[in-house]
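Structural features, examined
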Amino acid sequence: MFPGMAFEKLQARGVIFTCCNVALTVLSGMAAGAAGLPKEGAKQEWLAGMFKGVNVVPSGVLAVNRAQKKGCTYCYAG
């Protein structure tokens, strides 16, 4: 949509991508339940399908807080 905003281009510029393990566990579990699959199997599939270089962190809220303490900013516009 915007030049230079592709995942790989942002990574090349030093952007660090994270995924909240709490959200990953809950959302993949909900999808598993709806599809009649085991929750852990669904989570493993989601992890296997994740973009290379995405870091799974225990808590997204904690990761944002730690990044802010290091001088990063966060803006949610959704």
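Only a predicted model underlies this, so the values are computations on that prediction, with no experimental measurement involved.

**Details of the side chain of Lys43**
Within the secondary structure layout, Lys43 lies in helix H3 (residues 39-48). At 5.2 Å, Glu40 is the nearest oppositely charged side chain to Lys43, a buried residue that forms no salt bridge. Within the structure, the side chain of Lys43 is placed 2.9 Å from the side chain of Thr25, a separation counted as a polar contact. What Lys43 contacts, discounting residues up to four positions off in sequence, is Asn21, Leu24, Thr25 and Ser28.

**Digging into the packing of helix H2 (residues 21-35) against H3**
Axes are the key here: two packed helices are described by the angle between their axes and the distance separating the axes. Where H2 contacts H3, the axes come no closer than 8 Å and their chain directions differ by 120 degrees. Regarding the angle of H2 to H3, the classification is oblique. The two elements H2 and H3 cross, and the hand of that crossing is right-handed. Contact with H2, carried on its side by Asn21, Leu24, Thr25, Leu27, Ser28, Gly29, Ala31 and Ala32, involves Lys39, Ala42, Lys43, Trp46 and Leu47 of H3 and no other residues of that element.

**Topic: the state of the cysteines**
One pass over the structure, following the stated rule, counts 0 disulfides. Of all cysteine sulfurs, the one in Cys20 lies closest to Cys19, which takes part in no disulfide; the gap is 6.9 Å.

**Considering a nonpolar patch on the surface**
Residues Val22, Val26, Leu27, Met30 and Trp46 make up a contiguous nonpolar surface patch of roughly 480 Å² in combined accessible area. No other element matches the 4 residues that H2 contributes to the nonpolar patch. Summarising the element assignment, Trp46 is placed in helix H3.

**Quick word on the packing of aromatic side chains**
Throughout the structure, instances matching the rule amount to 2 aromatic pairs. The interplanar angle of 35 degrees and the centroid separation of 4.4 Å between the aromatic rings of Phe7 and Phe17 together place this pair among those described as tilted. Of this pair, Phe7 sits in helix H1 (residues 7-12) while Phe17 sits in the loop between H1 and strand S1 (18-20), and the two are 10 residues apart along the sequence. Taking the relative accessible area as the measure of exposure, Phe7 reaches 15% and is therefore buried. By relative accessible area, which is 22% here, Phe17 ends up partly exposed. Site record: aromatic cluster; members linked through ring pairs are Phe7, Phe17 and Phe51.

Procedures and definitions
- Residues numbered from 1 in each chain as written.
- Predicted model: local features only at pLDDT ≥ 70, side-chain atom pairs only at ≥ 80, totals over all residues.
- Heavy atoms only, no water.
- Helix = DSSP H or I, 4+ residues; strand = E, 2+ residues; numbered from the N terminus.
- Buried < 20%, exposed > 50% of the residue type's maximum accessible area, 1.4 Å probe, protein only.
- Lys, Arg positive; Asp, Glu negative; His and termini not counted.
- Salt bridge = Lys/Arg side-chain N within 4 Å of Asp/Glu carboxyl O.
- Polar contact = N/O pair within 3.5 Å; in protein donor to acceptor, adjacent residues only side chain to side chain.
- Contact = heavy atoms within 4.5 Å.
- Axes fitted to C-alpha atoms, helices over the stretch in contact; angles between N-to-C directions.
- Parallel < 35°, antiparallel > 145°, perpendicular 65-115°, else oblique.
- Left-handed = near helix turned anticlockwise from the far one by under 90°.
- Disulfide = S-S within 2.5 Å.
- Patch = residues over 30% accessible without salt bridge, like charges linked within 9 Å, V, L, I, M, F, W, Y side chains within 5 Å.
- Areas by Shrake-Rupley, 256 points an atom, 1.4 Å probe, with all protein chains shown as cover.
- Phe/Tyr/Trp six-rings, centres within 6.5 Å; stacked < 30°, edge-to-face > 60°.

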